[in-house]
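Each chain, letter by letter, is given below.
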Amino acid sequence: MIMLKELVGNTIDVNEEGFMTDFTQWNTQIGEALATENEISMTPKHWEVITYIQTEYKNNVPLSIRKIGKSGVVDIKEFYTLFPNAPLKTATKIAGIPKPVSCI
Amino acid sequence: MKHKKNILILGAGTAGTIMANQLVKEVDPHSWHITIADATDTHYYQPGFLFLPFGIYDEEDVKKPIRSFLPDEVKFVQEKASEIKSEEQQVLFESGKNIHYDILIIATGSTIDSSEIEGMNGPEWRKSIFDFYTFEGAKALREKLATWGGGKLVVHITEMPIKCPVAPLEFSFLADDFFGKKGMRDKVDITYVTPLSGAFTKPRATQKLEYLLKEKNINIVSDFAIESVDNENKSIKDYSGKEVPFDLLVTVPTNKGSQVIEKSGLGDELNFVPTDKGTLQSKVSPNIFVLGDATNIPTSKAGSVTHFQAEILFENVLRFIRKEELLPEFDGHANCFIETGKGKALLIDFNYDHEPVEGTFPIAGIGPLRLLKESRMNHWGKLAFRWVYWNMLLKARPIPFVKARMSLAGKNF
C-alpha cells in the first residue's frame, strides 16, 4: 500500500514501513529529513555512504551489509557506527530506495 | 570444407544443459559447433538437497550423469576451466587445453564459500556446523540429524544473494515436521536467523504467511549481519554485538560465483558477472552471454528463473548470430514451490515488477495450483517437479501453460 507523506514542503510516496517508493522524488533535503526522523545527524561520511548505495541501486546491483563493507567507502564497523542497529535498513530508507528484500 | 564457428557453453548444470538443448534445435549444424564444458560428469538436482537431510530423497534421486541430458550433436568436454580470455576469445583449461569461441555462454553457477566468515569452517564444521547447499553437506547433515538428541537448532543465512532464497525457510519448516514425527519436537528449539528485516520481506507475503512461523513455533532473529562463529562457545555473533547460541548450526554460507570468473577478472566482488537484466548479454563483451546463477541481475538465483532466462537468451543468441538487435525481454520471472511441511507447500510467482501475489497457476482462474497459499496440491506439484526437471526442463521441452514472461492473468494485484 502506498501512502502520501508531507516532508519539508515535498509530497513523497512511501510504503507502510516508510520507505520511499519513487526514487525520482528524492532530494538531499528529503534525505536529511528522513535521517532526522531516524535519529541520524548526517555528516559528509554519511552522505558518502548514501551516494554509494544510490549508485549501486541505479545500476541494479543488489545491496548487502558485507558488500558495503567491501565498497572502499566504509568498513562494516564504521557502517554500524554511522547507522546503528540495522544500518542497511536505515541507510536505504534515508537514500530513498527500497530496503533489500528476499523473494517473499 | 567451410570453417565452422563455435558456441562454447561453460558449465553443464541446469542453465548450460537447457541452453545446449535449445541451441541444437535451431542453430545451423553446417556453420556452428556447440561445445559444453564442465569440471565434473555428474548433474545434481539441487532442489533435492533440501530433502536429502530429512531422508525424503535418497542420493540416487538427486544425481545423474551429465552426458545423458546432452544431445549427441553437442561436444562435452569434461575439463575444469581456469581462465576466460575475452580479448582472445579463448577459454583456458587446467589441463593446458584451450578452446576458441565465437560466442561464449557463461553458466558457471554459484557455490558456497564458508571461508568468508571467521570461524565458520573451523573445528566444528560438519560436527555441529553444517550446510545443505552442497551434496556432501546435505549428506553429512542427514547423518547428523539421524542421531541428534535435540537442543538449539539455528538455521542461518550469512548474506544475500543466495541461491533459492526460500530454501532456509523451507528447511526450518521441514525440520519442525521432521522432529515432530520423531516425537522430539519439544526437545528442539528452532531459531531462524536472517540478515534481512524478517523471514518474509514483502508486504503481501508477510501478511499472508507470517502465521507459519507462529504455528510452527519457530523463533526469528532478523537484521543479523554475522561477523564470526565462536566454535568453542558455539554461538554466532553479529557486528552490532548480538549473539545467538546453537547446538546445531545449519548455515547458508556466502554464495559466490565461480573461481574462473574471479581469475578472469570478469566478476563483481562476489564473482557474479555484470549482465544486462533484460537481454542477458554480459557487460564484459558483446559475444559473451550469461545465464542462471552466474549473473548479477536482481532476481532470484533459482532453476525456474534459469529456465525462463534460457528461452529469452536463446532468442537473443539467434538474433546475435543474425546480427539483429537483442530484445530486453527477460522480466525477472520466477516460479517457486515452497515446502511448508506436513505434506503441504506454497507456490509463488513473481518478477522484477510484481511481488508474489495470490491467484491461480498456471491456468488463470482454474489452477490447479494456488499461489501464496498452502495446499497439498502444491506439495504434490513440488514432488512431481523432479520428474519434470529430469525429463522436460533440462531437455528444453516446453512445459504446458508455463511461459517465460510472467502472466498477469488470474492473479490478484
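Here the structure is a predicted model, which is why all the values come from computation and not from measurement. (Residues numbered from 1 in each chain as written. Chains lettered and ligands numbered in written order. Predicted model: local features only at pLDDT ≥ 70, side-chain atom pairs only at ≥ 80, totals over all residues. Heavy atoms only, no water.)

With that out of the way, let us pick up unusual backbone geometry. Note the cis peptide between Phe-361 of chain B and Pro-362 of chain B, where omega equals -5°. Between Gly-367 of chain B and Pro-368 of chain B the backbone carries a cis peptide bond, its omega angle lying at 10°. Its identity as a non-glycine residue notwithstanding, Asn-85 of chain A has a phi of 70°, on the positive side. Structurally, Asn-85 of chain A is set in the loop between α4 (76-82) and α5 (87-95). For Asn-85 of chain A, a relative accessible area of 63% corresponds to the exposed category. In this structure, Asp-223 of chain B takes a positive phi of about 50° despite not being glycine. (Helix = DSSP H or I, 4+ residues; strand = E, 2+ residues; numbered from the N terminus. Buried < 20%, exposed > 50% of the residue type's maximum accessible area, 1.4 Å probe, protein only.)

Residue and element names in this part refer to chain B. Domain annotation for chain B reports domain 1 (5-51 + 63-109 + 258-321), domain 2 (113-252) and domain 3 (334-412). Computed from C-alpha coordinates alone, the two centres of domain 1 and domain 2 are separated by 32 Å. Taken together, the contact pairs 11 residues of domain 1 with 14 residues of domain 2. Overall, the association of domain 1 and domain 2 removes approximately 1,100 Å² of surface from exposure, summing both partners, and the carbon and sulfur fraction of that is 70%. Three residues, Phe-49, Leu-50 and Lys-301, lead the burial of domain 1 against domain 2; their summed loss comes to 55% of the area buried on that side. (Domains from an automatic or database assignment. Contact = heavy atoms within 4.5 Å. Buried area = accessible area lost by both parts, 1.4 Å probe.)

With that settled, the discussion passes to the pattern of salt bridges. Counted according to the given criterion, the structure contains 28 salt bridges over all chains. We note a salt bridge from Asp-293 of chain B to Lys-163 of chain B, for which the minimum N-O separation is 3.8 Å. Of this pair, Asp-293 of chain B sits in the loop between β20 (288-290) and α8 (303-321) while Lys-163 of chain B sits in the loop between β12 (151-157) and α4 (167-181), and the two are 130 residues apart along the sequence. Among the ionic pairs, Asp-230 of chain B bridges to Lys-237 of chain B, the shortest N-O distance being 3.5 Å. Given a relative accessible area of 15%, Asp-230 of chain B falls into the buried group. Three or more residues joined by partner-sharing salt bridges are found here, namely Lys-70 of chain A together with Asp-113, Glu-116 and Lys-256 of chain B. (Salt bridge = Lys/Arg side-chain N within 4 Å of Asp/Glu carboxyl O.)

Further remarks concern the nonpolar core. Core analysis: the largest hydrophobic core is formed by 106 residues, its most contacted members being Met-19, Leu-23, Ile-105, Leu-153 and Phe-171 of chain B. Other than its neighbours up to four places away in sequence, Leu-153 of chain B contacts Trp-148, Ala-175, Phe-179, Val-188, Asp-189, Ile-190, Thr-191, Leu-248 and Val-250 of chain B. By size, the runner-up hydrophobic cluster in this structure holds 33 residues, among which are Leu-34, Ile-40 and Ile-94 of chain A together with Tyr-239 of chain B. (Core = buried A, V, L, I, M, F, W, Y, C linked by side-chain atoms within 4.5 Å.)

A separate point is the environment of Glu-87 of chain B. All names here are of chain B. Note that Glu-87 resides in the loop between β6 (81-85) and β7 (90-93). We classify Glu-87 as exposed; its relative accessible area is 79%. The spacing of Glu-87 and Leu-291 is 204 residues in sequence and 20 Å in space, taken between C-alpha atoms.

So, about the interface of chain B and chain A. The interface of chain B with chain A comprises 32 residues on the first partner and 20 residues on the second. Both faces considered, chain B and chain A share a buried interface measuring about 2,300 Å² in area, 58% of it formed by carbon and sulfur atoms. Per-residue buried area on chain B facing chain A is highest for Thr-201, Tyr-239 and Glu-269 of chain B; these three make up 23% of the total on that side. Applying the counting rule to chain B against chain A returns 4 salt bridges.

Before going further, it helps to examine helix α9 (residues 376-393) of chain B. Trp-387 of chain B marks the point of greatest bend in α9 of chain B, at about 35°. All of the buried residues in α9 of chain B are Asn-378, His-379, Gly-381, Lys-382, Val-388, Tyr-389, Trp-390, Met-392 and Leu-393 of chain B. (Bend = angle between axes of the 7 residues up to and from the residue.)

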